[in-house]
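# Breakdown of the fold
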Amino acid sequence: MMRRVLLGVLLASCAVAAEDATPWKGRYKLAISNDAAWHNDAVELETVSVEEIEGVLEVDLGLGPEGREPNADETLHKIKFKGRRASDQDPYVAEVLVGSVQPRVYRFELFPIELGKSMAGVVTMGSKRAGALVRRD
């Protein structure tokens, strides 16, 4: 009886370890084309599966080297997101609302390129489209 309980606990812990062994978890640098050079955008992936991806998106709308104090929307925004995809061939799609004074919807469509290292895709900011590359920091 004791062996069965020990075996059950061992199998349960192996299953949990296998779920956490995804190579995609971690922090990635987000580069959006036509974005200011001093912006430090990033993506922190917390859970990744074939259908869903969850994490925190950091969108930097800072002024950079300008001398005045930034307004409320001209700072680093950290937003939780959940993205989904229909199949392995489709991108992960997520939408986040960035800003409070003049909120803008950012829609991301990300394709995995190199397992655990990089993704690429398109980000739409309002009506503007730009390329996006997500790579490990």
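Every residue gets a number counted from 1 within its own chain, in the order that chain's sequence is written. In keeping with the predicted nature of the model, local features appear solely for residues at pLDDT of at least 70, side-chain atom pairs appear and are counted solely at 80 or more, and the whole-chain, interface and lining totals rest on all residues. Where side-chain values are given, they derive from all heavy atoms of the structure, hydrogens and water being excluded.

## Describing the overall build of the protein chain
What counts is decided by this rule: Numbering of helices and strands runs from the N terminus; a helix is a DSSP stretch of H or I covering at least four residues, while a strand is a stretch of E covering at least two. To sort residues, take the accessible area from a 1.4 Å probe on protein chains only and compare it with the maximum for the residue type: under 20% means buried, over 50% means exposed, and anything in between is partly exposed. Residue contacts follow a heavy-atom distance rule, with two residues in contact if any of their heavy atoms lie within 4.5 Å. Where accessible areas are quoted, they stem from the Shrake-Rupley method and a 1.4 Å probe; at the residue level, only the protein chains shown are allowed to cover.
Of the regular secondary structure elements, the protein chain holds one helix and eight strands. Going through the 137 residues of the protein chain one by one, you find that 33% of them count as buried. Across the protein chain, the fraction of contacts at a sequence separation of at least 24, relative to all contacts at a separation of at least 6, is 37%. Of the roughly 8,800 Å² that the protein chain leaves accessible, carbon and sulfur atoms contribute 57%.

## Brief notes about the layout of surface pockets
Test applied: Whether a set of points on the 1 Å grid over the protein atoms alone is a cavity depends on a 1.4 Å probe fitting there but being unable to get out, while an open set qualifies as a pocket with protein on both sides within 12 Å along at least five of seven lines; lining residues are those with an atom within 4 Å of a point. Grid points are joined across faces, edges and corners, and a volume is the space filled by probe spheres set on the points. Gly is placed with the polar residues, together with every amino acid not listed as nonpolar (Ala, Val, Leu, Ile, Met, Phe, Trp, Tyr, Cys and Pro) or charged (Asp, Glu, Lys and Arg).
Taken as a whole, the largest pocket encloses approximately 400 Å³ of empty space. Contributing to the lining of the largest pocket are 21 residues, with Leu 61, Arg 104, Tyr 106, Met 125 and Lys 128 lying nearest its centre. Elements with a contribution of two residues or more to the lining of the largest pocket: strand E3 (52-60), strand E6 (104-114) and strand E8 (128-136). A per-element tally of the lining of the largest pocket places E8 first, with three residues. For the lining of the largest pocket, the class distribution of residues is eight nonpolar, five polar and eight charged.

## Quick look at the environment of His 39
For clarity, the threshold we go by: The definition of a polar contact used here is a pair of N or O atoms within 3.5 Å, where within protein one atom must be able to donate a hydrogen and the other to accept one, and adjacent residues in sequence count solely through side-chain atom pairs.
In this structure, His 39 sits in the loop between strand E1 (26-32) and strand E2 (41-48). The contact partners of His 39, leaving out residues within four places of it in the chain, are Lys 29, Asp 60, Leu 61 and Gly 62. A distance of 3.5 Å separates the side chain of His 39 from the side chain of Trp 38, its partner in a polar contact.

## Concerning the confidence of the model for the protein chain
Where we set the bar: As a per-residue measure, pLDDT tells how confident the predictor is, with possible values from 0 to 100.
Looking at the protein chain, the pLDDT average stands at 81 and 84% of residues meet or exceed 70. Taken together, the stretch residues 1-20 has pLDDT below 50 and engages in two contacts with residues farther than four places along the chain or on a different chain.

## What to know about the pattern of salt bridges
Pairing is possible between side chains of opposite charge, provided their charged atoms come close. Stated formally: Any carboxyl oxygen of Asp or Glu within 4 Å of a side-chain nitrogen of Lys or Arg constitutes a salt bridge here.
Counted according to the given criterion, the structure contains ten salt bridges. Note that Glu 46 is salt-bridged to Lys 80, the shortest N-O span being 3.3 Å. On the criterion of sequence distance, the pair formed by Glu 46 in strand E2 and Lys 80 in strand E4 (residues 76-84) is long-range, its members being 34 residues apart. Two residues, Arg 85 and Asp 88, come together in a salt bridge whose shortest N-O distance is 3.9 Å. Here the salt bridges share partners, and the residues they tie into one network are Arg 27, Glu 58 and Lys 78.

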